[in-house]
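The lines below spell out each chain.
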Amino acid sequence: MYPVPVAGVRELLVTSGSTMAAAEVARQMSEGARNLSLSGHVGFDSMPDQLVNKSVCQGFCFNILCVGETGLGKSTLMDTLFNTRFEGDPAVHNQPGVHIKSNNYELQESNVRLKLSIVNSVGFGDQINKEESYKSIVEFIDAQFEAYLQEELKIKRTLHNYHDSRIHVCLYFIAPTGHSLKSLDLVTMKKLDSKVNIIPIIAKADSISKNELQKFKIKIMSELVSNGVQIYQFPTDDETVAEINGTMNAHLPFAVVGSTEEIKIGNKMMKARQYPWGTVQVENENHCDFVKLREMLIRVNMEDLREQTHTRHYELYRRCKLEEMGFKDTDPDNKPFSLQETYEAKRNEFLGELQKKEEEMRQMFVMRVKEKESELKEAEKELHDKFDRLKKLHQDEKKKLEDKKKSLDDEINAFKQRKTAAELLQSQAQQSGSQQTLKREKERKNSGFL
């Protein structure tokens, strides 16, 4: 016999019109019900473990951008942070502008794999004209956002194994001048604060005294606030890290010293820098803030930096890019706008603009044809006028030639007539001469006979 649910019994009592109270029926059923105990663990509280295992299998990626003038120890600090001597080709600092150099590495600690990208701004601050030093950095960050956006917009996406090259944190190296920030630093950080998480650090902090360093920190934070530069603040909404992050926010900017050399201090080998006046221990919090930076950057807030990059900076870029392309969430009446409607509206707008441009091009073509026809007609008229002028000139020349020919013919005829008359006179003279000769011969002969 199968047990009947209490709700079904109550419904049955109402429909059958039985006088038995529902409470009594429920009591009787509860007395006959079996007490069942769980034979095993349900298991949904293992979800975090599943996520951890999946993340460990996939590995993590973290991309660091180092911005600062040449000679502030950017590469040395990276080697010190990850306790690894990163190999790479030496940077050339004789180029006319700032260029970006990115190196990818794979690190492993215990069973956790990390794909690390270190991006360096080579030649930053080396130019005489530093007006456009930040442009190549901004273009590089936008290019990584654009690559990720194009991957998202693909029909067949492979985001699960896509190498995320978006910059998660920018370590901005400040020269230890002890006075104030340079104009280049303020302009660059202002251009980058909406695109990347900026953590300002004072490089080579062992070159100034502690009192000067503390005053320099206060001066830097005051200038950043007065100029509206938004740097990354360690999150305090999580109770587990709220206290330490709140304390570390008060230490910004971190004053750091980097070194890959190990020096024996007491019975331990420690990373330090040896000077004639003493030794600066890199991992000694009384000497510098290197340990604070390492804890905040790698151990405590690495995932928050990655999340902030995706949810804040990338989303801002994505929104601006899609709005620039014409996509929007609401129509002019503030009603929801689906992607299909947006696409159709954009397509209709594009077709309208296309037809408008086609009409403008057709009108321009007609106008150009008319202009060309008028030019051809004018050219044809000029040719006809020129032809008429040449024809008239030719006729005049022909008439002149004919007149000259007639005069020459007349001269030839007159010459022939004179020639004929001369020949006639010559022949007559010859005949008379011959007659006279014959007459003289006759006379001589007659006189001889006599």
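Residues numbered from 1 in each chain as written. Predicted model: local features only at pLDDT ≥ 70, side-chain atom pairs only at ≥ 80, totals over all residues. Heavy atoms only, no water.

### A few points about the overall build of the protein chain
The cut-off we apply is this: Only DSSP runs of H or I reaching four residues or more are called helices, and only runs of E reaching two or more are called strands; each is numbered from the N terminus. Working rule for contacts: check all heavy atoms of both residues, and any pair within 4.5 Å makes them a contact. For the accessible areas, the method is Shrake-Rupley and the probe is 1.4 Å, while residue cover comes only from the protein chains on display.
The helix and strand tally for the protein chain stands at eleven helices and nine strands. Taking the contacts inside the protein chain whose residues are at least 6 apart along the sequence as the reference set, 66% of them involve residues at least 24 apart. By element, 53% of the accessible surface of the protein chain is carried by carbon and sulfur atoms, the whole surface being about 31500 Å².

### With respect to the nonpolar core
Put simply, the rule reads: Residues belong to one nonpolar core when they are buried, are Ala, Val, Leu, Ile, Met, Phe, Trp, Tyr or Cys, and are joined through side-chain atoms within 4.5 Å. With a 1.4 Å probe rolled over the protein chains alone, any residue whose accessible area is under 20% of its type maximum counts as buried; one over 50% counts as exposed, and the rest are partly exposed.
Counting 73 residues, the largest nonpolar core has L171, I199 and F254 as the members making the most contacts within it. Beyond its immediate stretch of four places on either side in the chain, I199 contacts V169, C170, L171, Y172, Y232, F234, L252, F254, L293 and L297.

### Brief notes about the confidence of the model for the protein chain
Operational definition: The pLDDT value tells you how sure the predictor is about a given residue, anywhere from 0 up to 100.
Put simply, the protein chain has an average pLDDT of 84, and 87% of its residues get 70 or more. Here helix α1 (residues 6–16) stands out as the least confident element of the protein chain, with mean pLDDT 39; strand β4 (residues 169–174) is the most confident, with 96. Contacts of residues 1–21 to residues separated by more than four positions or lying in other chains number eleven contacts, the stretch itself having pLDDT below 50.

### Observations concerning the environment of K74
Cut-off, in case you're wondering: Under this definition, polar contacts are N or O atom pairs within 3.5 Å; protein pairs additionally need one hydrogen-donor-capable and one acceptor-capable atom, and for neighbouring residues in sequence, both atoms have to be side-chain atoms.
Along the chain, the position of K74 falls in helix α4 (residues 74–81). Separated by 129 residues in the primary sequence, K74 and A203 have C-alpha atoms spaced 8.2 Å apart. If near-sequence neighbours (up to four positions away) are discounted, K74 is found in contact with C66, V67, G68, E69, N120 and F173. Within the structure, the side chain of K74 is placed 3.0 Å from the backbone oxygen of E69, a separation counted as a polar contact.

### Observations regarding the packing of aromatic side chains
The line we're drawing: Note on aromatic contacts: the rings of Phe and Tyr and the six-membered ring of Trp form a pair at centre separations within 6.5 Å, being stacked when their planes are under 30 degrees apart, edge-to-face when over 60 apart, and tilted otherwise.
One pass over the full model with this rule turns up ten aromatic pairs. Their ring planes at 85° and their centres at 6.4 Å tell us that F124 and Y172 sit as a pair that is edge-to-face. Taken as a pair, F124 in the loop between β3 (112–122) and α5 (135–152) and Y172 in strand β4 lie far apart in primary sequence, 48 residues in all. Note on accessibility: F124 and Y172 belong to one class, buried. Relative to F254, the ring of F234 lies with its centre 6.0 Å away and its plane at 25°, an arrangement referred to as stacked. Of this pair, F234 sits in the loop between α7 (210–226) and α8 (239–249) while F254 is found in strand β6 (residues 254–255), placing the two residues 20 residues apart along the sequence. Considered together, F234 and F254 belong to a single accessibility category, that of buried residues.

### Some points on unusual backbone geometry
With an omega of -10°, the peptide bond between L252 and P253 qualifies as cis. Among the structural elements, P253 can be located in the loop between α8 and β6. Notably, S110 is not glycine yet its phi reads approximately 60°, a positive angle. Structurally, S110 is set in the loop between β2 (99–109) and β3.

### Details of the pattern of salt bridges
Our working rule: A carboxyl oxygen of Asp or Glu within 4 Å of a side-chain nitrogen of Lys or Arg is what we treat as a salt bridge.
Overall, the coordinates contain 18 salt bridges when judged by the stated rule. One salt bridge connects E146 with K321, and the closest N-O pair in it is separated by 3.9 Å. With a gap of 175 residues between them, E146 in helix α5 and K321 in helix α10 (residues 302–325) connect regions that are remote in the sequence. The partner of K219 in a salt bridge is E223, and the shortest N-O contact between them spans 4.0 Å. Residue K219 and its partner E223 are both found in helix α7; the two are separated by four residues, about one turn of the helix. Classification of E223 by relative accessible area gives buried; the value is 13%.

### Here we look at the pairing of strand β7 (residues 262–265)
Put simply, the rule reads: Note: two strands are recorded as paired if DSSP finds a minimum of 2 bridges between them.
Bridging between β7 and strand β8 (residues 268–275) involves four bridges; their strand directions are antiparallel. Of the residues in β8, the one forming a bridge with K264 is M269.

### Concerning the side chain of S165
By the element assignment, S165 lies in the loop between α5 and β4. Residues in contact with S165, not counting those within four places in the same chain, are N63 and Q144.

### Re α4
Burial within α4 is extensive, with six of its eight residues counted as buried. Of the positions making up α4, those classed as buried are K74, L77, M78, D79, T80 and L81. If you follow the buried residues of α4, they end up packed against β1 (60–67), β3, β4, β5 (198–202), β8 and α9 (290–300). Taken from the residues just after α4, N83 is the one with a positive phi, measuring 55°.

### Overview of the packing of α5 against α10
Condition: What counts as an axis is a line fitted to C-alpha atoms, over the stretch in contact for a helix, and the angles between N-to-C directions run from 0 to 180 degrees. Put simply, angles under 35 degrees are roughly parallel, angles over 145 are roughly antiparallel, angles from 65 to 115 are roughly perpendicular, and the rest are oblique. Classification used: nonpolar for Ala, Val, Leu, Ile, Met, Phe, Trp, Tyr, Cys and Pro, charged for Asp, Glu, Lys and Arg, polar for all others including Gly.
At a closest axis distance of 10 Å, the pairing of α5 and α10 adopts a crossing angle of 80°. The pairing of α5 with α10 is recorded here as roughly perpendicular in orientation. Two secondary-structure elements touch here, α5 through D142, F145, E146, Y148, L149 and E152 and α10 through T309, H310, H313, Y314, Y317, R318 and K321. Residue composition of the contact of α5 with α10, by class: five nonpolar, three polar and five charged.

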